[in-house]
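Residue-level listing of the chains:
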Amino acid sequence: MSELLKSIDARTRLAGTNKLEILLFSLGTDAGTGRRETFGINVFKVREVMNTPTITAAPEMNAAVKGMVSLRGALVPVVDLCDYVAMATDSQRKIMIVTEYNHHTQGFLVEAVDTILRVDWAQMRVPPEMLSNTMGGLVTAVTELEDGRLVMLLDVERILAETVKPDDSMLFSNIAPLDRQDLMVLYADDSSVARGQIQRTLEAMGVRSVGAVNGRAAWDELRRIADHAERSGRPVRDFLQVILTDVEMPEMDGYLLTRSIKGDPRFNGIPVLMHSSLSSASNQQLGQSVGVDEYIPKFEPQRLAEALVRLLVGKPPEAAASPVPAMRAGGALVGASSTSLLDSVDARTRLAGSNRMEILLFSLGTHELFGINVFKVREVTETPEITRTPNMPDGVEGLISLRGDVIPVLSLSSVMKLNDAPPDRGDSMMVAEYSKRNLGFLVHEVDRIIRVDWEKVRAPETLAGGTNTYISAVTELADGRLVSILDVEQILANTFGEAEIGEIDRMSGGEHMNVFFVDDSVVARKKIAEVLDRLTVNHRFAQNGMEAWTRLSGMAARAQQSGRSMHEELNLILVDAEMPEMDGYVLTRNIKSDKRFDGIPVVMHSSLSSQANHAMGRSVGVDAYVAKFDAEALSQTLRAQLSRHANHQN
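This is a predicted model, so every value here is computed, not measured.

Asks: Talk me through the pattern of salt bridges; I want residue IDs and the actual numbers.
Replies: Evaluation of the coordinates by the stated rule reveals 23 salt bridges. R223 is the partner of D220 in a salt bridge, and the nearest nitrogen-oxygen pair spans 2.8 Å. Here D220 pairs with R223, and both are found in helix 5 (residues 215-232), just 3 residues apart, close to one helical turn. Here R310 ties to E294 by a salt bridge, and the two come within 2.8 Å at their closest N and O atoms. Note that R310 is positioned in helix 8 (residues 301-313) and E294 in strand 15 (residues 294-297), a separation of 16 residues in sequence. Under the relative-accessibility criterion, R310 is labelled partly exposed at 39%. Salt bridges linked by common partners bring K66, D80, D83 and R93 together as one network.

Asks: I'd love a proper account of unusual backbone geometry, names of residues and values included.
Replies: Excluding glycine, most residues fall at negative phi; most peptide bonds, likewise, are trans. Of note, K417 is a non-glycine position whose phi angle comes to about 55°, a positive value. Looking at where K417 falls in the secondary structure, it is placed in the loop between helix 9 (412-415) and strand 22 (428-434). By relative accessible area, K417 is classed as exposed at 59%. Look at T536: it is not a glycine, yet its phi comes out positive at around 60°. With respect to the secondary-structure elements, T536 resides in the loop between helix 11 (522-535) and strand 28 (538-542). With relative accessibility at 18%, the residue T536 sits in the buried group.

Asks: I'd like to hear about the environment of Q288, residue by residue, with values.
Replies: In this structure, Q288 sits in helix 7 (residues 281-290). As a C-alpha pair, Q288 and M274 span 14 residues in sequence and 9.5 Å in three-dimensional space.

Asks: Can you lay out helix 14 (residues 584-592) for me, pointing to particular residues and giving the numbers?
Replies: When you tally the buried positions in helix 14, you get 7 out of 9 residues, the bulk of the element. Of the positions making up helix 14, those classed as buried are G584, Y585, V586, L587, T588, N590 and I591. At the N-terminal boundary of helix 14, the capping side chain belongs to D583, with an oxygen 3.1 Å from the backbone nitrogen of Y585.

Asks: Residue-level account of the packing of aromatic side chains, with values.
Replies: Within this structure, the stated rule accounts for 5 aromatic pairs. Arranged with centres 5.7 Å apart and planes meeting at 25°, the rings of F517 and F541 form a pair that is stacked. Placement of F517 in strand 27 (residues 514-518) and of F541 in strand 28 is noted, with a sequence separation of 24 residues between them. With a relative accessible area of 30%, F541 lands in the partly exposed category. Measuring from ring centre to ring centre gives 6.0 Å for W549 and F597, while their planes differ by 45°; the resulting arrangement is tilted. Here W549, found in helix 12 (residues 545-561), pairs with F597, found in the loop between helix 14 and strand 30 (602-606); they are 48 residues apart in sequence, far enough to count as distant. Residue W549 shares its accessibility class with F597, and that shared class is buried.

Asks: Outline the sheet that holds strand 31 (residues 624-627), supporting the account with residue identities and numerical values.
Replies: Within a sheet, adjacent strands bond to each other through the backbone by hydrogen bonds, running parallel or antiparallel. Spatial strand order, 28-27-29-30-31: 5 strands in an open sheet with parallel pairing. Each edge of the open sheet is held by one strand with a lone partner, namely strand 28 and strand 31. Pairs of neighbouring strands in the sheet enclose a mean axial angle of 20°, with direction left out of account. Where strand 29 (residues 572-575) meets strand 30, 3 bridges bridge the pair, whose relative direction is parallel. Looking at strand 30, one finds that L574 is bridged to V603. Where helix 12 meets the sheet, it contacts strand 27, strand 28 and strand 29, and its direction lies at approximately 130° from that of strand 28.

Asks: Can you tell me about the environment of H539, naming the residues and giving the values?
Replies: Mapped onto the fold, H539 is located in strand 28. Classification of H539 by relative accessible area gives partly exposed; the value is 29%. The spatial distance from the C-alpha of H539 to the C-alpha of E511 is 10.0 Å, given a sequence separation of 28 residues. Aside from chain neighbours lying at most four places away, what touches H539 is V515, F517, A529, L532 and D533. Among the polar contacts listed, one links the side chain of H539 to the side chain of D533, at a separation of 2.8 Å.

Asks: Can you tell me about a negative patch on the surface, naming the residues and giving the values?
Replies: A surface patch of like charges, here negative, comprises E382, D424, D427 and E445. Mapping E382 onto the fold places it in strand 19 (residues 377-382). We classify E382 as exposed; its relative accessible area is 68%.

Asks: For the sheet that holds strand 14 (residues 272-276), give the residues involved together with the corresponding values.
Replies: The parallel open sheet is built from 5 strands, whose spatial order is 12-11-13-14-15. Only two strands of the sheet have a single neighbouring strand rather than two, namely strand 12 (207-212) and strand 15. Each neighbouring strand pair of the sheet contributes to a mean axis angle of 25°, computed without reference to strand direction. Both strand 11 (residues 180-188) and strand 13 (residues 242-245) contribute to a ladder of 4 bridges, which runs parallel. Looking across to strand 13, one finds that V185 is bridged to V242. Seen against the sheet, helix 5 touches strand 11, strand 12 and strand 13 and runs at an angle of roughly 140° to strand 11. Packing against the sheet, helix 8 makes contact with strand 11, strand 12, strand 13, strand 14 and strand 15, and its axis sits at approximately 165° to strand 15.

Parameters at a glance
Residues numbered from 1 in each chain as written. Predicted model: local features only at pLDDT ≥ 70, side-chain atom pairs only at ≥ 80, totals over all residues. Heavy atoms only, no water. Salt bridge = Lys/Arg side-chain N within 4 Å of Asp/Glu carboxyl O. Helix = DSSP H or I, 4+ residues; strand = E, 2+ residues; numbered from the N terminus. Buried < 20%, exposed > 50% of the residue type's maximum accessible area, 1.4 Å probe, protein only. Polar contact = N/O pair within 3.5 Å; in protein donor to acceptor, adjacent residues only side chain to side chain. Phe/Tyr/Trp six-rings, centres within 6.5 Å; stacked < 30°, edge-to-face > 60°. Pairing = 2+ DSSP bridges. Axes fitted to C-alpha atoms, helices over the stretch in contact; angles between N-to-C directions. Contact = heavy atoms within 4.5 Å. Patch = residues over 30% accessible without salt bridge, like charges linked within 9 Å, V, L, I, M, F, W, Y side chains within 5 Å. Areas by Shrake-Rupley, 256 points an atom, 1.4 Å probe, with all protein chains shown as cover. Lys, Arg positive; Asp, Glu negative; His and termini not counted. Charge placed at Lys NZ, Arg CZ, Asp CG, Glu CD.

Spelled out as structure tokens, the structure:
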């Protein structure tokens, strides 16, 4: 091992050759598959490899963080990668890989290290979508060894963002807006976490952007822009002002991308900003050797914004005036007792378009804290007398009569198979309404209502454990506790089965129409796709509002650059109401205030089906509102809106 990492700086000669060196390692034999997979990490990010030292456990850390070690006077957090990816194995993690990212040092526990492999970035492939979904975006690239083994390159930025990285909620608050929609930045990064951070920075600056998932995709996009500029008889500079690139990316790295840009006279005068977690002086020299105009380490939004402003307009930005700190989860206590918790729920319609929501907090008798959107809760009562009925699904306690309405009652701890929950059913019942159906949920204890920003509610893309099937989002309280927000659609589908979709006739001309839909529920996305398939309408989707707005903005930017109308790309947008990071109301308001989307109908599709929610949708400009999940109503609404849009265009 001591010989493994000698003379890393000598490898700087790889810059611009589109090659990298990977340290191969394993996490042991997966008990579920019986396989021993091979993972990799860029050698440039590795400081040393050592036997696992004594680790000091620390309280209230992510489950995958085993504690801290003292390494030459510095306290270094230690992450067990096996625990992080939720791999069941009996292997001991005897080796620690010490890495440096963005001037931060951390240790990763692994079973064993293998060797250092030199590969061409062109051999590193973007992982298939199935692997990306299964691993939660953790794998950024895959390559094949001569013996047939596949090596998976890990997205360390994502691991750190979800384990040891401090809260970044205030990082974007001091960015001064340029508000220059005439400026365009193209950025490339293979890490979804990094792309999200870059996008948030650019949105705070108020400039347009288009993103790419690797250097090859960025180069393809740049050539399309250049070709369009040539056809228009205009310089590329009229369409694109700055290129922002990561260093290590599959298929084409940032060095080769920069060299390609600087070697093409069509891109003369367009600066390249290199933005990388490889932050050593040698890496900066490498960037300079291929012609980058500036090099900044990840991830400092203020510094990134300042560099972009210098390159975009040639002067430093003024400090943002009187920044308003983002509201912390748990910052507003709305109620405290079961009898008064839900008074005047409809009065909260003023939250529409504010990207805020109110969550009812409750426990199931375990150490976890759960939440449910207040709009879905009709009332909270003590657990009533329940009539048990035969042949009910697991987790369904029976039926109750509530003011003449017979409703099923579910024990959430039983449905979610929480083995450490107490055996009793709980003292409280929440009565919730979903898609015009009322249900009772038994819980251990109801806590209070909090008001949070949707942007602080995150999708649980890499949660470990058995309950994540039922969790649609996660937020953090002021005291550091996490709140898991339930995906009730998934709970109902798993408990009662998914409703069959009836006959839906093909839509005339549907094969020439395109729908973009967004929903954070896996069940809902599946059902929406099935309806669109029956209509024979083309479709794409996003999993939350922020992702949807990022993709829609990118589509609009590309259409604008190519001189095409968005009506040629998109015929309808279907949005859910409540989604992490950006809700459907803010998403709709963004779409309706952007002239590039003029005339494209927005349909809101939500399990929040009260008249108040319909009014909230209308207030932000939705063209139609459909309650989940009524396949016939959805298909009829889509058919009518698509036909109206097509007739208007003709």
